[in-house]
Amino acid sequence: MSSTAQAVHYEEHHQSWFERWFMSTNHKDIGTLYLSFSFLMLFVGGSMAMLIRAELFEPGMQLMQPYFFNELTSMHGLVMIFGVIMPSFVGLANWMIPMQVGAPDMALPRLNNLSFWILPFAFILLLSTFFMPGGAPAAGWTMYPPLVLQGGEAIAFMIFAIHLMGISSILGSINIIATILNMRAPGVDLLKMPMFCWSWLITSFLVIAVMPVLAGAVTMMLFDRFFGTNFFNAAAGGDSVMYQHVFWFFGHPEVYIMILPAFGIISEIVPTFARKPLFGYKAMVYAIACIAFLSFIVWAHHMFTVGMPLGGEVFFMFSTMLIAVPTGVKIFNWVTTMWKGSLSFEVPMLWAIGFIVLFSIGGFSGVMMALVPADFQYYGTYFIVAHFHYVLVGGALFSIIGAVYYWLPKWSGNMYSSFWGKLHFWSSVISVNVLFFPQQFLGFAGMPRRIPDYNVAFADWNMVSSIGGFWFGATQLVFVGVVIHCVFFSKQKATSRVWEHAYGLEWTLPSPAPHHSFTVPPVIDDSQLAHGDVTH
Amino acid sequence: MNMGPDVSGNSILPKGAMTMSSSNCMRRVTGAIAALGTLLVSMTAAANPVPWQMNLPKGVTPISHEIWDLHMAALWVCVVLGIVVFGAMFIAIFRFRKSKGAVAATWTHNTKMEFAWTLVPVLILIGLATPATIITRNMYNATDAEMTVKVTGYQWLWRYDYISYDGKPVTKVPTIWSRLGWDSNRARQLDSGISPWSVVDKQTGYHDYLLDVTEPLVIPAGVKVRFLITADDVIHGWWVPDFAAKRDALPGIMNDAWAKVDQPGIYRGQCYVLCGQDHSAMPIVVKVLPRDQFNAWLAARENPAALDKAARTAEVTPQKSGPEPAKG
Ligand code: HEM
Ligand SMILES: [Cu+2]
Ligand SMILES: [Cu+2]
């Protein structure tokens, strides 16, 4: 704490622009850096998606060689997962957690600086592979050997980039855990914390538990490729299925790392605009904890066709079905929070409602895929692509955008144009369905994923999907406009509460929030907390 | 469906093979096999993907039917749950609006409701998972197969070897190398100027772009066939949706799947595990022949001399057939 206090003093008084943005130890500035970085990456990964959808607009190869298409799909996945969804949640955590628990800053401000600044270097390494002989990695974001080992030298860059991203997110998580456990103002009991803090507390443990597993997997890959080991080489007694097990032991918790903070955000937004406390707060906490635990024992549902023993198939089917139960509880609780509320539909609420619908659709397809025999017909098809885009775009990304619309006035002190925010929402929610709903049909019809060219029977739905894709992509430019306008040009000042029924400590601070959130611990009045009433 | 012998010389092979017939060897082979009278017309329509298709195919095996039923049950469960959940939400959205003067209640829990919506999903899921378990068991039961075929994935083609049939090992049937048909292959090149729509199976009129092969796997109808699936270089995936027979083709590992197809026809599938640049160009085509026709076909393949006779052709070179795999 004393080093924090010194940093506080230092920053407040002599900061050049360079010092502020490159040497910052302030949770808000670092939060802004995280969010800006992921915003940039959203457009980098998004451009790849536009190229992918352009090639898939019609059957036949029009724009690129098939191998480059594979580079694009692989890099699109890696950039979106590690460069957009994860860092933007960390950025939101940076901004909001100290404010929500009544702290001046994150517990470990210098570590915070480090964990952000690792990221740009990781992505320079990763993206530079496009310009290397042999091209970027092209074996999918899942990087299955032996295929990935056929890649050029570039895979070493990919592996080190992944190591860096892993280190960055582990450091970020350690910081979040330390902040939540040590820096809460007196009176902010764990079970009075906002759901966003809860979701990140649990997510952080997932991150710390599984990122090293991924690191192990890609390190074995590195050794196989460059140092003559044979972990995954069947010809020398290795086993490529082992890679899949290790990867998905990381991979499934990873997908929940990308959705639990979203659950937290939605649980903040819905009660505010329903003007009614969150239904079943404790149940929501337990549901998240339950999902986090179960996420460790479902991984092989990504490998149903790999030839596991029957017992394995059945076990992973039941465990996967089980994880749908707490997920359902969360959805029921949000809907019940709205029931008998007094609803209004400001921009963040629209995104939250969009989230609930789209995430549920993704959850439904998840349940269908959990049924082993059915998954035999879905695995490796566009149905899977549709599933994870519903949960990741309709779910994670929608929640992030909703969070920005919810907290941006608090961050910047200005209101944004709600007209453009609503336009952004409606255009996104329609186009995202035009984009991904037909992919479910394509999957049922048997179109494999990760292909640049397809039979003419798949042409129509692909064209529809591509149109939705361009539409969705173009719509996100509106978001850039809204944010830039709000931060730099908006004349409309935000009040400190911003939203009529917003409760929680962040709303007791002025807008924009002061550089150091709570320099003295706030005196907690339960009525100011979103969940002050611990009986529910 | 015309199953009768046809000696008109029409090819029964998919489109790609027609193109190959410009080569001498292939013309003879194609003609000879056609002469065996195994023309299968109008069989593809139901079995292969069609424009605007929105649902899983029902398929042609008992397992694929069971899966289809399970899939439909799960789909309807999701639709009903969706209607209930979204319905409740939209009722709330329209009824409890601040602009309509709604005043917020303050309750935040309801033990009975919470208990109910935990228990009911559990029951529904058990209801789905139980039949799913039974079907999975059947899918895993490849015993009593009357025929075994080994399937090997290569970058980027499939190799088929007949191992045994009718309780006897099959040793003399040459390997089938099954790669993308030449018409498709020409059309798929960047800037080929050839429309994918112009690639058509002349027999059936089916647009088989990227779904036709130089030489299909041929199996008998009404026979339980066990596929031993493996790969030579990277991981591939062997899948015929209509059979619901699907398994990863892993180097160094032998997986198995099985199918008993009662309805003769041509069934198409694709590799479903990313395997490199031509992943989209290694389709799977299985031709299912009525058993007697299959037996004749097999006999002809085992003994090219007999094939000659049957085809009343002077001289047929033994079928080494097919291109060599492009390993790499
Ligand atoms: C109701 C909860 C869920 C269930 C039952 C579920 C189930 C599944 C299953 C069985 C698969 C494997 C399908 C296959 O490859 O054949 C899968 C894939 C996937 N799921 Fe989910 N899922 C759920 C929620 C989520 C969430 C919340 C996310 C992320 C935010 C997510 C992201 C993914 C991704 C990225 C894949 C594909 C990975 C790949 O192969 O590239 N899922 N899911
Ligand atoms: Cu999973
Ligand atoms: Cu493949």
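Before any of the text, the structure's been laid out above.
Residues numbered from 1 in each chain as written. Chains lettered and ligands numbered in written order. Predicted model: local features only at pLDDT ≥ 70, side-chain atom pairs only at ≥ 80, totals over all residues. Heavy atoms only, no water.

Some details on the overall build of chain A
No. 1: Along the backbone of chain A there are 16 helices and zero strands.
No. 2: The C-alpha atoms of chain A give a radius of gyration of 23 Å, which matches the 24 Å a tight globule of 536 residues would have.
No. 3: A principal-axis box enclosing the C-alpha atoms of chain A has dimensions of 65 × 50 × 45 Å.
No. 4: Out of the 536 residues belonging to chain A, those deemed buried represent 68%.
No. 5: Long-range contacts, defined as pairs at least 24 residues apart, comprise 83% of the intrachain contacts of chain A with a sequence gap of at least 6. (Helix = DSSP H or I, 4+ residues; strand = E, 2+ residues; numbered from the N terminus. Rg over C-alpha atoms; globule rule 2.2 N^0.38 Å. Buried < 20%, exposed > 50% of the residue type's maximum accessible area, 1.4 Å probe, protein only. Contact = heavy atoms within 4.5 Å.)

Looking at the coordination of the iron atom of ligand 1
All names here are of chain A.
No. 1: Donation to the iron atom of ligand 1 from the protein comes from one atom only, His387 (NE2), at 2.1 Å.
No. 2: Taken as a pair, the iron atom of ligand 1 and the copper ion (ligand 2) lie 4.5 Å from each other.
No. 3: Checked against the element boundaries, histidine 387 lands in helix α14 (residues 382–412). (Donors = N, O, S within 2.8 Å, 3.2 Å for Na, K, Ca; no water.)

Digging into the nonpolar core
All names here are of chain B.
No. 1: Grouped together as the largest cluster of nonpolar side chains are 275 residues, with contacts concentrated most on Tyr162, Trp238 and Phe243.
No. 2: Two domains each put at least three residues into this core: domain 1 (62–100 + 110–139) and domain 2 (147–308).
No. 3: Not counting the four nearest positions on each side in its chain, tryptophan 238 is found in contact with Val151, Trp158, Tyr160, Leu217, Phe227, Ile229, Ala245, Lys246, Arg247, Tyr272, Ile284 and Val286.
No. 4: Membership of the second largest hydrophobic core comes to six residues, among which are Leu180, Val199, Tyr209 and Ala281. (Core = buried A, V, L, I, M, F, W, Y, C linked by side-chain atoms within 4.5 Å. Domains from an automatic or database assignment.)

Digging into a nonpolar patch on the surface
Residue and element names in this part refer to chain A.
No. 1: On the surface, Trp17, Phe18, Phe22 and Met23 cluster together into a nonpolar patch covering about 480 Å² of accessible area.
No. 2: As for its position among the elements, phenylalanine 18 is in helix α2 (residues 17–22).
No. 3: Overall, phenylalanine 18 belongs to the partly exposed group, its relative accessible area being 46%. (Patch = residues over 30% accessible without salt bridge, like charges linked within 9 Å, V, L, I, M, F, W, Y side chains within 5 Å. Areas by Shrake-Rupley, 256 points an atom, 1.4 Å probe, with all protein chains shown as cover. Salt bridge = Lys/Arg side-chain N within 4 Å of Asp/Glu carboxyl O.)

Any link to function would need more than the numbers given here.
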